[in-house]
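In case you want the letters, here they are:
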Amino acid sequence: MGCECSKLSACCWGSEYGGAVPEDNNDENEDKGEVDNVPVFCEYSVETLKMATSGFAVENIVSEHGEKAPNVVYKGKLENQRRIAVKRFNRSAWPDARQFLEEAKAVGQLRNHRLANLLGCCCEGDERLLVAEYMANDTLAKHLFHLHDTSLIRRYIVRSDWAQALDAIWETQPMKWAMRLRVALHLAQALEYCTSKGRALYHDLNAYRIVFDDDGNTRLSCFGLMKNSRDGRSYSTNLAFTPPEYLRTGRVTPESVMYSFGTLLLDLLSGKHIPPSHALDLIRDRNIQTLTDSCLDGQFSHDEGTELVRLASRCLQYEPRERPNPRSLVAALLPLQKDTEVPSHVLMGIQHGTAALPLSPLGEACLRMDLTAIHEILEKLGYKDDEGAATELSFQMWTNQMQETLNSKKKGDVAFRHKDFRAAIECFSQFIDAGTMVSPTVFARRSLSYLMSDMPQEALNDALQAQVISPVWHIAAYLQAAALFALGRENEAQTALREGFIHENKRNANA
């Protein structure tokens, strides 16, 4: 399912690359801060990325502006369970395939724990796609500007679901001062690393480009290290936030990136997206109190606030040569750090791992690997989640082939009910192989049947296929967790369990 091997060597690469062809690794990954658990850059096929994103399903869009974004970002999962973010450029972008590949490969050589690293790309026909590490804990914009669904909180309150309401309210709590300082430092460290590797230009640096990993630590999206498209536009935000020299020349420079860093410091200080010109007026008038977020009262001293304002002012100097460089930013921010012993996920209020998750009975059963309990739940659920498939079945029932297919499913259901899992596998396989209709529930039932028959890899494959059919179906994610636990892949199982929990919570909130 990966791309052709002819461009590189004729070696056959293992499935750990999700069907992709890796680039030659370089020997520079021993530098401090670089990571060794991220695969080397490789080229993916369109088919691989379609499978990973369930056919670029709308449910998998994570771009801030959804389908209306000029270049849409999807979340996905490769066959090896690695979670990815896929940026899909519109068809008018990057007409020169060679230029796109060269730019992507250059960015793909970077590896650092402060980046959401670029894992690969795809360049087939008109398709131009970038593949990066997926960061599950949203953007700085969402956490800082409280871009949360308040209607969700109201629904919880109407239902008297106080625990869920409190969790949702907690998500809208202001970011702590110590975490804001940590975000600024981590971002400066990311820029310092990129500069040291000859990639000092970052296009459209803003709060939407900063994301948080599973541990709540700050990562800088690698997408901004590439131009948005062939037109070379480097800023898509309001012109009030762009560097003055960019407005004059239309070109981004390393000093322009420092200007954007200054606007981010203002965001962190104020909790709002304030135009730099207005902020500088407040600073000149010594009206710093108006500039700072009122939610931070008592969390920092006057000297700490003054130092951050001074640093932002230096970054926002009109003359580019008067702005600091990333190394000096790191040196200035290090002494300001507070609560360094407290993990980022604690400061952020992010649930870490699955120990604290209030799992449903199905989630608990998958965590405990209680296959009997899972069977009882799936049997009780029936085909309630197959509404679309059920409509298709009734429409085509009169053909002989369809009747035979339905009989296979019915026999499989009877065998499943009576715990004859070998027979269930055989009958469900006949139904699936006929290819006349698609049912996520059949894949889920065959998945559990495989688990009961001590065939965890086959169970995992079916759970993944169920998710391809129904991308946000919590049962598919839970069954993946059970199969991964059976395979001894603990960390991936915990991730799948958490994904199932998130899908189930959203489903219940919308019910």
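You'll find the structure just up there.
Trainee: Looking at this model, I keep getting lost on the overall build of the chain. Mind explaining?
Mentor: When you go through the chain residue by residue, the secondary structure sums to 22 helices and nine strands. Each of the 511 residues in the chain was classed as buried or not, and the buried ones make up 53%. Look at the contacts in the chain between residues 6 or more apart in sequence, and 66% of them connect residues 24 or more apart. Working note: accessible area of the chain is about 23800 Å², and carbon and sulfur atoms make up 50% of it.

Trainee: Sorry, what's going on with the pairing of strand 4 (residues 83-88) here?
Mentor: A regular strand carries its side chains on alternate faces of the sheet. Where strand 3 (residues 72-77) meets strand 4, six bridges bridge the pair, whose relative direction is antiparallel. What sits directly across from Tyr-74, in strand 4, is Val-86. Here strand 3 folds back onto strand 4 in antiparallel fashion, the turn holding five residues, of which Gln-81 has a positive phi close to 75°.

Trainee: Looking at this structure, I do not really get the sheet that holds strand 8 (residues 210-212). What am I missing?
Mentor: Hydrogen bonds along the backbone pair up the strands of a sheet, which may run parallel or antiparallel. Read from one edge to the other, the open sheet built from three strands follows the order 5-9-8, with strand pairing classed as mixed. Edge positions in the sheet fall to strand 5 (115-116) and strand 8, since each has one partner strand and no second. Pairing between strand 5 and strand 9 (residues 218-221): two bridges, direction parallel. In the strand pairing of strand 9, Leu-115 is matched with Leu-220. Each of strand 5, strand 8 and strand 9 touches helix 6 (residues 177-196); the most contacted strand, strand 9, lies at about 45° to it.

Trainee: Which parts of the structure should I look at to understand unusual backbone geometry?
Mentor: Residues apart from glycine generally show negative phi values, whereas peptide bonds are mostly found in trans. Unusually for a residue other than glycine, Asp-138 sits at a positive phi of about 70°. Locating Asp-138 in the fold gives a position in the loop between strand 7 (127-133) and helix 3 (140-144). One non-glycine residue with positive phi stands out, namely Asp-339, at about 50°. Judged by relative accessible area, Asp-339 falls into the partly exposed class, the value being 38%.

Trainee: Got a minute to help me understand the pattern of salt bridges in this structure?
Mentor: Pairs may arise between side chains of opposite charge once their charged atoms sit close together. Taken as a whole and assessed by the stated rule, the structure comprises 22 salt bridges. For Lys-142, the salt bridge identified is with Asp-138, shortest N-O distance 3.7 Å. For Glu-379, the salt bridge goes to Arg-417, with nearest N and O atoms at 3.2 Å. Taken together, the positions of Glu-379 in helix 15 (residues 371-381) and Arg-417 in helix 17 (residues 400-417) put the pair 38 residues apart, joining distant regions of the chain.

Cut-offs applied
Residues numbered from 1 in each chain as written. Predicted model: local features only at pLDDT ≥ 70, side-chain atom pairs only at ≥ 80, totals over all residues. Heavy atoms only, no water. Helix = DSSP H or I, 4+ residues; strand = E, 2+ residues; numbered from the N terminus. Buried < 20%, exposed > 50% of the residue type's maximum accessible area, 1.4 Å probe, protein only. Contact = heavy atoms within 4.5 Å. Areas by Shrake-Rupley, 256 points an atom, 1.4 Å probe, with all protein chains shown as cover. Pairing = 2+ DSSP bridges. Axes fitted to C-alpha atoms, helices over the stretch in contact; angles between N-to-C directions. Salt bridge = Lys/Arg side-chain N within 4 Å of Asp/Glu carboxyl O.

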